[in-house]
Amino acid sequence: MVTSHVLTWEVTESQGYETSWIEFRGTALQAHGRAVGTRPEVYWLSYDLDAGENFVTRELHVRAATAMGSRELRLLHDGDGRWTANGERVPEVDGALDCDLGLCPLTNTMPVLRHGLQLAPGERTFLMAWVSVPDLTVHASRQTYTHLARTETGARIRFTSGDFRTDIEFDGEGLVVDYPGLAHRHAPAGHHR
C-alpha cells in the first residue's frame with residue numbers, strides 16, 4: 001500500500017520553512033524536500049531521502065546554498081552499518097541505521113516508526129549519522145526516544161541528545177506535528193485543529 005503526504009513546517013530554530021513530499025510503501029519511505037532558513041546564516045537547501053525496508057536509511061542527498069557558495073552531500077549507507085559521505089568512509093557513524101538532517105523534522109520519523117514508538121510504550125537509544133546544516137558535515141549523534149503517552153492524534157515522545165531534551169508530538173503515522181524549539185507543522189488549508 002502506498003500513502004503520500006505533502007507537509008510544511010515552520011522551522012523556528014532556523015527562522016525558516018520546510019516542505020516535504022513523502023511517500024510510504026510498506027516499511028519504506030522516500031521523500032524530497034526544500035527548506036529555507038535565516039539562522040545560523042541565510043541558506044536554501046533541497047534533499048532526497050531514501051529509507052528502505054524497516055525504514056533504514058539507504059541514501060540522503062542534500063544540496064545547500066549560502067552566501068559563501070554551494071555544497072552537496074551524498075550520504076550512503078551500505079546496509080551493513082557502514083557509511084560514506086561523498087565517497088569517503090565515515091567510521092564514527094558505523095552501526096547507525098538512520099540519518100538525521102539538522103533542522104529537519106522529517107528525519108525523526110524513521111526510528112520512531114521502526115520501533116512503533118508512536119503506538120506503544122518503549123525507549124530506544126540510537127546512533128545517528130547527523131548532518132549539520134547548512135555546512136553539511138556528518139557527525140555521530142546518540143539520541144534517545146521515549147514514548148510518554150498516546151494523544152488524540154498520535155503520541156508524545158521525549159527526545160534526548162546530550163544535554164538537550166524536548167517532548168515531540170507525532171501523528172499516528174509517525175510524522176512530527178510539533179517539535180518544541182525546532183519546528184511545528186502547518187495545518188492544510190481548510191483544516192482547523
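For the structure, see preceding data.
Residues numbered from 1 in each chain as written. Predicted model: local features only at pLDDT ≥ 70, side-chain atom pairs only at ≥ 80, totals over all residues. Heavy atoms only, no water.

### Quick notes on the overall build of the protein chain
- Looking only at helices and strands, one finds one helix and 15 strands in the protein chain.
- Computed over C-alpha atoms, the radius of gyration of the protein chain comes to 16 Å, within 12% of the 16 Å expected from 2.2 N^0.38 for 193 residues, which places it in the range of a compact globule.
- With the C-alpha coordinates of the protein chain rotated into their principal frame, the extents come out at 45 × 40 × 35 Å.
- A buried classification covers 48% of the 193 residues belonging to the protein chain.
- Of the contacts formed within the protein chain by residues at least 6 apart in sequence, a portion of 40% connects residues at least 24 apart. (Helix = DSSP H or I, 4+ residues; strand = E, 2+ residues; numbered from the N terminus. Rg over C-alpha atoms; globule rule 2.2 N^0.38 Å. Buried < 20%, exposed > 50% of the residue type's maximum accessible area, 1.4 Å probe, protein only. Contact = heavy atoms within 4.5 Å.)

### What about the packing of aromatic side chains?
- According to the stated counting rule, one finds five aromatic pairs in the structure shown.
- With a centroid separation of 5.3 Å and an interplanar angle of 75 degrees, the aromatic rings of Tyr-145 and Phe-159 are classed as edge-to-face. Of this pair, Tyr-145 sits in strand β11 (residues 138-150) while Phe-159 sits in strand β12 (residues 154-161), and the two are 14 residues apart along the sequence. Phe-159 shares its class with Tyr-145; the two are buried.
- Through successive ring pairs, a cluster of aromatic residues spans Phe-126, Tyr-145, Phe-159, Phe-164 and Tyr-179. (Phe/Tyr/Trp six-rings, centres within 6.5 Å; stacked < 30°, edge-to-face > 60°.)

### Examining a nonpolar patch on the surface
- A grouping of Tyr-17, Val-36 and Trp-44 is seen on the molecular surface, where their side chains present a nonpolar patch of about 300 Å² in accessible area.
- Within the secondary structure, Val-36 sits in strand β3 (residues 28-37). (Patch = residues over 30% accessible without salt bridge, like charges linked within 9 Å, V, L, I, M, F, W, Y side chains within 5 Å. Areas by Shrake-Rupley, 256 points an atom, 1.4 Å probe, with all protein chains shown as cover. Salt bridge = Lys/Arg side-chain N within 4 Å of Asp/Glu carboxyl O.)

From the geometry alone we can't say anything about function, so treat these as descriptive.
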